[in-house]
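Notes for the structure review
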Amino acid sequence: MTTITPKRLLIVDDEWDLLVLLRKILAKKCGCDVSIVQSGIEAMAQVKNWQPDVILTDIVMPDMDGLQLLKNVTELDSNLSVVVMTGYGTIEIAVKALKDGAYDFIEKPFDNSKVSQIILRAFERTQLLRENRQLHRELEKSDQATDFVGQSPPLRQAIELLTRLAQSNATVLIRGESGTGKEVAARTIHAMSNRRSKKMITVNCPALPEQILESELFGYARGAFTGADHDKDGLFLEASGSTILLDEIADIPVSLQTKLLRVLQEKEIQPLGQTSTVKVDVRVLASTNQDLEAKIARGEFREDLFYRLNVMTVTMPSLDEMREDIPLLALHFFKTFVEEYHRKGMELSQEALKCLERREWKGNVRELQNRINRAVLLTAGMIITPSDLLSPEELTEGVSERTGVEVPVCIHQLPYKEAKEEVMGCFASTYLEKALTKSGGNVSAAARESGMGRQSFQRLMQRFHIKSEVFRE
């Protein structure tokens with residue numbers, strides 16, 4: 001049974017009575033372990049030894065003030081959320097603390113409920129930042145010997161099988177839904193084989209008409225047909241000593257299947273217009289997303305060719321089967337396209353990652369890749385949110401008949417508290433972005449139009465990692 005470690009809050013203030021009071025209130029309201037210390041020096045020691053998730057600290061203290069403590073803590077762990085307290089109503093100090101990396105600030109005297117709400121949000125921020133850091137670590141650990149990204153058991157099993165098959169010369173049939181990485185699997189087999197020094201040849205079978213496909217695969221002799229004014233080596237001869245991938249083999253014409261069967265049986269080809277055969281040393285890999293057995297039953301695919309191709313079979317898992325890898329894949333594609341489109345500083349929000357993880361992906365990894373590509377290229381701001389990745393229809397399950405409110409996708413699969421936070425988070429981040437877009441990035445104007453105080457508006461911006469600069473022309 002897994003033990004859940006309670007959240008840890010460190011409170012720093014030189015007033016002992018206030019420390020005791022805050023410990024009693026916040027331990028109960030936030031459901032966390034609380035440690036209290038009376039100086040910045042003690043706080044730094046506790047940060048290293050006890051490793052809190054959130055720090056609530058006073059600004060004015062004798063040995064080390066709150067701003068210096070904030071600086072030291074941020075250098076030690078930038079993912080640790082710090083909330084500062086000030087009893088002097090000095091907004092300038094609070095603003096400086098925010099600029100220096102504080103999550104939020106509160107003024108003394110304060111409302112107990114407000115303090116607990118801020119601390120709970122700070123816990124949430126720390127958790128999200130740490131989850132994101134863990135994702136980057138897992139991405140770095142992901143199998144570097146292949147082009148696959150992920151750690152899920154179905155993917156690991158597929159990679160292990162591909163690795164074993166790479167050591168042989170056996171024909172391999174790679175099956176799986178569209179977009180599951182069948183070509184990547186073929187490249188993996190080739191890259192780990194003793195044929196890797198030569199380039200693998202890939203043939204997209206459905207892309208070429210029957211007559212052209214035949215001449216491309218097997219080559220032709222001069223005079224074989226009108227326009228054949230010279231001999232041409234086919235792709236099988238070009239791939240001699242290497243590997244050839246017949247992509248979407250199910251779509252190869254029946255008339256060519258007999259010739260392909262001869263290559264697999266006899267290891268030889270007969271170019272068009274030539275009576276003699278030519279020996280080839282080629283390893284054949286084939287892929288398909290279709291039901292070959294059903295095509296055999298309909299007479300659309302030769303049964304003997306199927307058994308020649310099906311010596312070894314690898315079935316690539318769908319994205320639904322490796323759902324836990326979605327954040328890793330999304331982050332991988334995000335980093336790739338950020339570099340390609342020169343969008344340094346862009347962020348992929350945790351809300352967007354969660355949204356991607358819950359959505360169905362009929363196009364599997366390729367569809368996910370395309371969505372990230374489009375979002376990085378077209379998002380106006382520097383933070384990708386769920387609305388940048390999914391259409392309004394995809395973002396909602398529909399509209400509640402009772403309330404008329406749109407319900408976020410898959411919301412009913414979440415516990416009530418998480419579902420509520422998801423709805424409110426989507427609403428708040430979208431609202432802020434629209435307000436800032438309308439004001440051209442002017443925070444004061446956006447807050448005024450929203451009927452909010454500037455400080456409250458800024459706190460929400462900070463919570464959802466929204467920066468006003470990206471909305472200014």
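Cut-offs used in this document
Residues numbered from 1 in each chain as written. Predicted model: local features only at pLDDT ≥ 70, side-chain atom pairs only at ≥ 80, totals over all residues. Heavy atoms only, no water. Axes fitted to C-alpha atoms, helices over the stretch in contact; angles between N-to-C directions. Helix = DSSP H or I, 4+ residues; strand = E, 2+ residues; numbered from the N terminus. Parallel < 35°, antiparallel > 145°, perpendicular 65-115°, else oblique. Left-handed = near helix turned anticlockwise from the far one by under 90°. Contact = heavy atoms within 4.5 Å. Nonpolar A, V, L, I, M, F, W, Y, C, P; charged D, E, K, R; others polar. pLDDT = per-residue confidence, 0-100. Salt bridge = Lys/Arg side-chain N within 4 Å of Asp/Glu carboxyl O. Buried < 20%, exposed > 50% of the residue type's maximum accessible area, 1.4 Å probe, protein only. Patch = residues over 30% accessible without salt bridge, like charges linked within 9 Å, V, L, I, M, F, W, Y side chains within 5 Å. Areas by Shrake-Rupley, 256 points an atom, 1.4 Å probe, with all protein chains shown as cover. Arc of directions from axis to C-beta.

For the pair helix H13 (residues 326–340) and helix H14 (residues 350–358), the least separation of the axes is 9 Å and the interaxial angle reads 125°. In terms of their interaxial angle, H13 and H14 are classed as oblique. The two elements H13 and H14 meet at a crossing, and its hand is right-handed. On H14, the residues touching Ile326, Pro327 and Ala330 of H13 are Leu353, Leu356 and Glu357. Within the contact of H13 with H14, the residues separate by chemical class into five nonpolar, no polar and one charged.

Quick look at the confidence of the model for the chain now. The predicted coordinates ought not to be read in detail in places where the model reports low pLDDT. Per-residue pLDDT for the chain averages 85, and the proportion of residues at 70 or more is 89%. Counted against residues more than four places away or in other chains, residues 398–407, with its pLDDT under 50, gives 13 contacts.

So, on to the pattern of salt bridges. Overall, the coordinates contain 21 salt bridges when judged by the stated rule. A salt bridge links Asp58 to Lys108; the shortest N-O distance between them is 3.5 Å. Of this pair, Asp58 sits in strand S3 (residues 54–58) while Lys108 is found in the loop between strand S5 (104–107) and helix H5 (112–141), placing the two residues 50 residues apart along the sequence. Under the relative-accessibility criterion, Asp58 is labelled buried at 5%. Accessibility expressed as a relative area gives 19% for Lys108, which makes it buried. The salt bridge involving Glu300 is made with Arg298; its shortest N-O contact spans 3.2 Å. Glu300 sits in the partly exposed class, given a relative accessible area of 33%. According to the relative accessible area criterion, Arg298 is exposed, its value standing at 52%.

Before going further, it helps to examine a nonpolar patch on the surface. Together, Met424, Phe427 and Tyr431 make up an exposed nonpolar region whose accessible area comes to about 320 Å². Note that Tyr431 resides in helix H18 (residues 416–439).

Let's shift gears to helix H2 (residues 40–50). Buried residues of H2: Gly40, Ala43, Met44, Val47 and Trp50, and no others. Looking straight down H2, one finds that the buried residues subtend no more than 160° of arc, so they occupy a single side. Those residues of H2 that are exposed and aimed more than 90 degrees away from the buried face are Ile41, Lys48 and Asn49. On its buried face, H2 sits against strand S1 (8–12), strand S2 (33–37), S3 and helix H3 (66–76).

Once that is clear, we can look at unusual backbone geometry. One can expect most non-glycine residues to show negative phi and most peptide bonds to be in trans. Although it is not a glycine, Glu248 adopts a positive phi angle of roughly 55°. Considering the arrangement of structural elements, one finds Glu248 in the loop between strand S8 (243–247) and helix H10 (254–266). The class for Glu248 is buried, based on a relative accessible area of 14%. Despite not being glycine, Asn364 has its phi angle at roughly 55°, a positive value.

Right, let's get into the packing of H13 against helix H15 (residues 364–378). Packing of H13 against H15 brings their axes to within 9 Å, and their N-to-C directions diverge by 45°. Here H13 is positioned oblique relative to H15, judged by the angle of their axes. Taken as a pair, H13 and H15 cross one another with a handedness that is right-handed. Here Ile326, Leu329, Ala330, Phe333, Phe334, Phe337 and Val338 of H13 lie close against H15, whose contacting residues are Val365, Leu368, Gln369, Ile372, Asn373 and Val376. Along the lines of polarity and charge, the residues of the contact of H13 with H15 split into eleven nonpolar, two polar and no charged.

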